[in-house]
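# Coordinates in review
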Amino acid sequence: MMACSIAPGKVILLGEHFVVKGMPAIGAAVTLYARVCVSSGQGRVESRQLGLLLDLSSNTVNDKGLYRVVEELAGRFGLKRDFHATIDSEIPISSGMGSSAAVAVSTTHALLSFAGVEPDKKVVWEVSFEAEKVYHVRPSGVDNTLSTYGGVMVYERGVFNRVKRRWPDDVVIVIADSGIKRSTGSVVADVLNRYDKYSNVMSRIYEAASELVRDALKSIETGDFARLGELMDINHGLLSSIGVSSRVLESIVWAMREAGALGAKISGAGRGGIVIGLVETSKVPSVVEKIKLLGLTPLVVQIDDEGVRRAPDSRTSQG
Ligand code: PMV
């Protein structure tokens, strides 16, 4: 028997960095997936694509987060070492899209299904959060929460709430990965230093960011996406002011805006990683074209509402 699961990656729509000091942020699960298929084997988890290998019979472990998943499932459900899991992911890595969380979430879900245990989402969340703790010093839980449950969520001081939305069918998100890798931790540290140095000014920027997210929530709930786009543009300006933009990121943001995006901004830690644009479908071809002219590969996505789930065991029948 073969058990396959998919789990989505995520983007931060608004509020990154400001969230570190307790302001609200909005994240969304998007239609790019990590996919894991488990069949009978000898305790092996692997992804050639991600350069990842766990071979329990020879004690080879080059991904401690996934090892944590296996240990946790063995402790909780008596998972045996009789599986062979293969991971395949379409989520860009090290660019703030929650690739490692999606891998942990889908692996947990597929291993449980393979072991004949109904994969309860709460359990999947808890186990994948253990992996996140191995990967990140103080994980916010955003990545594995969105990957497990899907949808759009607002989070503030560790509390997540699903956002009811009127997302028009003809509005998508276009992602451009700058290809520039960066460490979220060091960008966050630089921003916090700037905060301490200019706290009078910075505290007001943070308050503005908080207002902006509240306004954006209303726009999402009422379906005012022209306004949401403008708020994303403002959010990008605030991210520039706290020091996380760069010439390359600005050129991507402006390419999207010039091609007719409703709004465009850095998403995630910045300095590198991804830029997102809110784009009406009629404008997608021109936005895509502009991004290609910059030598980058655009990804056009929608919101994933379901989160982790079973998937057919062949890529071609995935639909
Ligand atoms: O890792 P990323 O690129 O999704 O960015 C994390 C978001 C920050 O707000 C910058 C940091 C955090 O822990 O919330």
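Residues numbered from 1 in each chain as written. Predicted model: local features only at pLDDT ≥ 70, side-chain atom pairs only at ≥ 80, totals over all residues. Heavy atoms only, no water.

With that out of the way, let us pick up the layout of surface pockets. If you add up the space inside the largest pocket, you get close to 1500 Å³. Looking at the largest pocket, it is lined by 45 residues, and the ones nearest its centre are His-136, Pro-139, Ser-140, Asp-143 and Thr-184. Of all the secondary-structure elements, those providing two or more residues to the lining of the largest pocket are strand 1 (3-14), helix 2 (99-114), helix 3 (121-135), helix 4 (142-149), strand 7 (152-156) and helix 5 (184-197). Per-element accounting of the lining of the largest pocket gives the leading share, 4 residues, to helix 5. When the residues that make up the lining of the largest pocket are grouped by side-chain class, the tally is 18 nonpolar, 18 polar and 9 charged. (1 Å grid on protein atoms, 1.4 Å probe; cavity = no way out; pocket = protein on both sides within 12 Å on 5 of 7 lines; lining within 4 Å. Points joined across faces, edges and corners; volume = space filled by probe spheres on them. Helix = DSSP H or I, 4+ residues; strand = E, 2+ residues; numbered from the N terminus. Nonpolar A, V, L, I, M, F, W, Y, C, P; charged D, E, K, R; others polar.)

Turning to the pairing of strand 3 (residues 44-47), a few remarks are in order. Here is the key point about a regular strand: its side chains alternate between the two faces of the sheet. In this structure, strand 3 lies alongside strand 4 (residues 52-55), joined through 4 bridges in antiparallel fashion. In the sheet register, Glu-46 faces strand 4, and the bridge partner there is Leu-53. Between strand 3 and the antiparallel strand that follows it, strand 4, lie 4 residues; Gly-51 among them carries a positive phi value of about 65°. Looking at chain direction, strand 3 and strand 6 (residues 83-89) are connected through 3 bridges and run parallel. Bridging across to strand 6, Glu-46 finds its partner in Thr-86. (Pairing = 2+ DSSP bridges.)

Attention now goes to the site of the ligand. Near the ligand you find Lys-10, Ile-12, Glu-16, His-17, Val-19, Val-20, Gly-96, Arg-182, Thr-184, Val-188, Gly-268 and Ala-269, and these make up its full shell. For the ligand, an oxygen atom lies 3.4 Å from a polar atom in the backbone of Gly-96. Between the ligand and the protein, one listed contact pairs an oxygen atom with a backbone N or O atom of Ala-269 at 2.9 Å. Contact with the protein chains removes 82% of the 380 Å² of surface that the ligand exposes when unbound. Its atoms largely coinciding with the cavity grid, the ligand occupies the largest pocket. Taken together, the elements giving at least two residues each to the shell around the ligand come down to strand 1 and helix 5. (Near = heavy atom within 4 Å. Polar contact = N/O pair within 3.5 Å; in protein donor to acceptor, adjacent residues only side chain to side chain. Areas by Shrake-Rupley, 256 points an atom, 1.4 Å probe, with all protein chains shown as cover. Sits in = over half its atoms within 2 Å of the grid points.)

Its location among the elements puts Leu-212 in helix 6 (residues 199-222). Given a relative accessible area of 6%, Leu-212 falls into the buried group. When the C-alpha positions of Leu-212 and Pro-24 are compared, they lie 9.5 Å apart, and in sequence the two are 188 residues distant. When sequence neighbours within four positions are dropped, the list of residues in contact with Leu-212 reads Leu-14, Leu-231, Ile-234, Asn-235 and Leu-238. (Buried < 20%, exposed > 50% of the residue type's maximum accessible area, 1.4 Å probe, protein only. Contact = heavy atoms within 4.5 Å.)

Another aspect to go through is the packing of aromatic side chains. Going through the model one piece at a time under the given rule, you end up with 5 aromatic pairs. When the centroid spacing of 4.9 Å and the interplanar angle of 20° are considered together, the rings of Trp-125 and Phe-129 count as stacked. Here Phe-129 and Trp-125 lie together in helix 3, a separation of 4 residues that amounts to about one turn. Residue classification places Trp-125 among the partly exposed positions, given a relative accessible area of 23%. Between Trp-167 and Phe-225 the ring centres are 4.7 Å apart and the planes differ by 75°, which places this aromatic pair in the edge-to-face class. Residue Trp-167 is found in the loop between strand 8 (159-162) and strand 9 (171-177), and its partner Phe-225 is found in helix 7 (residues 225-241); the two are separated by 58 residues along the sequence. The same class applies to Trp-167 and to Phe-225, which are both buried. Three or more aromatic residues link up through ring pairs in this structure, and these residues are Phe-18, Tyr-195 and Tyr-206. The lysine or arginine in question, Lys-21, covers the ring of Tyr-195, its NZ or CZ lying 4.5 Å from the ring centre. Note that Arg-257 overlies the ring of Trp-254, its terminal NZ or CZ placed 4.7 Å from the centroid. (Phe/Tyr/Trp six-rings, centres within 6.5 Å; stacked < 30°, edge-to-face > 60°. Lys NZ or Arg CZ within 6 Å of the ring centre and 35° of its normal.)

Let us now look at the sheet that holds strand 12 (residues 298-301). Spatial strand order, 10-11-9-12: 4 strands in an open sheet with antiparallel pairing. Only two strands of the sheet have a single partner each, and these edge strands are strand 10 (263-267) and strand 12. Within the sheet, the average angular offset between the axes of one strand and its neighbour, ignoring direction, is 25°. Strands strand 9, strand 11 (274-280) and strand 12 of the sheet are contacted by helix 9 (residues 284-293), whose axis makes an angle of about 155° with strand 12. (Axes fitted to C-alpha atoms, helices over the stretch in contact; angles between N-to-C directions.)

So, on to the pattern of salt bridges. Enumeration over the complete set of coordinates arrives at 21 salt bridges. Residue Glu-46 pairs with Arg-44 through a salt bridge whose shortest N-O separation is 3.5 Å. Exposure remark for Glu-46: the relative accessible area of 17% places this residue in the buried category. Residue class for Arg-44 comes out partly exposed when judged on its relative accessible area of 27%. In this structure, the salt-bridge partner of Arg-309 is Asp-304, at a minimum N-O distance of 2.9 Å. Just as Arg-309 is buried, Asp-304 falls in that class too. Connected via shared salt-bridge partners are Arg-68, Glu-71, Glu-72, Arg-76, Lys-122, Glu-126, Glu-130 and Lys-133. (Salt bridge = Lys/Arg side-chain N within 4 Å of Asp/Glu carboxyl O.)

Limitation: the analysis is restricted to geometry and does not speak to function.
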